Amino acid sequence: EGGYLATCSAWTDCYAQGKTIDEAVLEITAAAQSLIELYKEEGLKIPLKLQSEKTIANPNFVVPIIVAS
């Protein structure tokens, strides 16, 4: 019934949804924090995709938001 989906291109297990863009961003931030804690507790390596130096040096952080109709 509408809403927003936030995904993380660097970590495929990290995604969230919300009724507003702000809510989706807050939810994906909480999801990422929870996943990091879980992986640390389990002694697992966080499965982030490697990025090029050019991308890492870029100070912009992009959170893709998909609008559900």
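All residue numbers refer to position in the chain's written sequence, counted from 1. Confidence filtering applies because this is a predicted model: local features only for residues at pLDDT of at least 70, side-chain atom pairs given and counted only at 80 or more, and all residues used for totals across whole chains, interfaces and linings. In computing side-chain properties, one takes all heavy atoms of the structure into account and sets aside hydrogens as well as water.

What follows deals with helix α1 (residues 21-42). Here a helix means four or more residues in a row that DSSP labels H or I, a strand means two or more in a row labelled E, and each is numbered from the N terminus. Working rule for helices: expected span equals 1.5 Å times residues minus one. Compared with an ideal rise of 1.5 Å per residue, which puts 22 residues at 32 Å, α1 spans 31 Å between its outermost C-alpha atoms and is within 8% of the ideal. Three exposure classes are used, based on accessible area relative to the maximum for each residue type with a 1.4 Å probe and protein chains only: buried under 20%, partly exposed in between, and exposed over 50%. For α1, every residue scored as buried is listed here: Ala24, Ile28, Ala31, Leu35 and Tyr39. Buried residues in α1, looked at end-on, bunch into an arc of 60 degrees, giving them a common side. Facing away from the buried side of α1, by more than 90 degrees, are the exposed residues Asp22, Leu26, Lys40 and Glu41. Directly beyond the C-terminal end of α1, a positive phi value near 70 degrees is found at glycine 43. By construction, the arc corresponds to the directions joining the helix axis to the C-beta atoms.

The nonpolar core is taken to be a set of buried Ala, Val, Leu, Ile, Met, Phe, Trp, Tyr and Cys residues, with the residues joined through side-chain atoms within 4.5 Å. Core analysis: the largest hydrophobic core is formed by nine residues, namely Ala6, Trp11, Cys14, Ala16, Ala24, Ile28, Ala31, Leu35 and Tyr39. Ranked by residue count, the leading element in this core is α1, at five residues. Only heavy atoms enter the contact rule, under which two residues are in contact if any of them lie within 4.5 Å. Setting aside chain neighbours within four positions, we find tyrosine 39 in contact with Trp11, Asp13, Leu44, Lys45, Ile46 and Pro47.

Quick look at the confidence of the model for the protein now. Averaged over all residues, the pLDDT of the protein equals 77, while 68% of them reach at least 70. Each residue carries a pLDDT value, the predictor's own confidence for that position, ranging from 0 to 100. Under a pLDDT of 50 for its full length, residues 52-59 has, in the predicted model, one contact with residues more than four places off or in other chains.

What follows covers the packing of aromatic side chains. Any pair of aromatic rings gets described here by the distance separating the centres and the angle formed by the planes. The aromatic pairing rule takes the rings of Phe, Tyr and Trp, using the six-membered ring of Trp, and pairs them if the centres are within 6.5 Å, calling planes under 30 degrees apart stacked, those over 60 edge-to-face and the rest tilted. Counted by the stated rule, this structure contains one aromatic pair. Geometrically, the ring pair formed by tryptophan 11 and tyrosine 39 is edge-to-face, given 5.5 Å between the ring centres and 80 degrees between the ring planes. One end of the pair, tryptophan 11, is in the loop between β1 (3-7) and β2 (15-18); the other, tyrosine 39, is in helix α1, with 28 residues separating them in the sequence. Exposure class is identical for tryptophan 11 and tyrosine 39. Each is buried.

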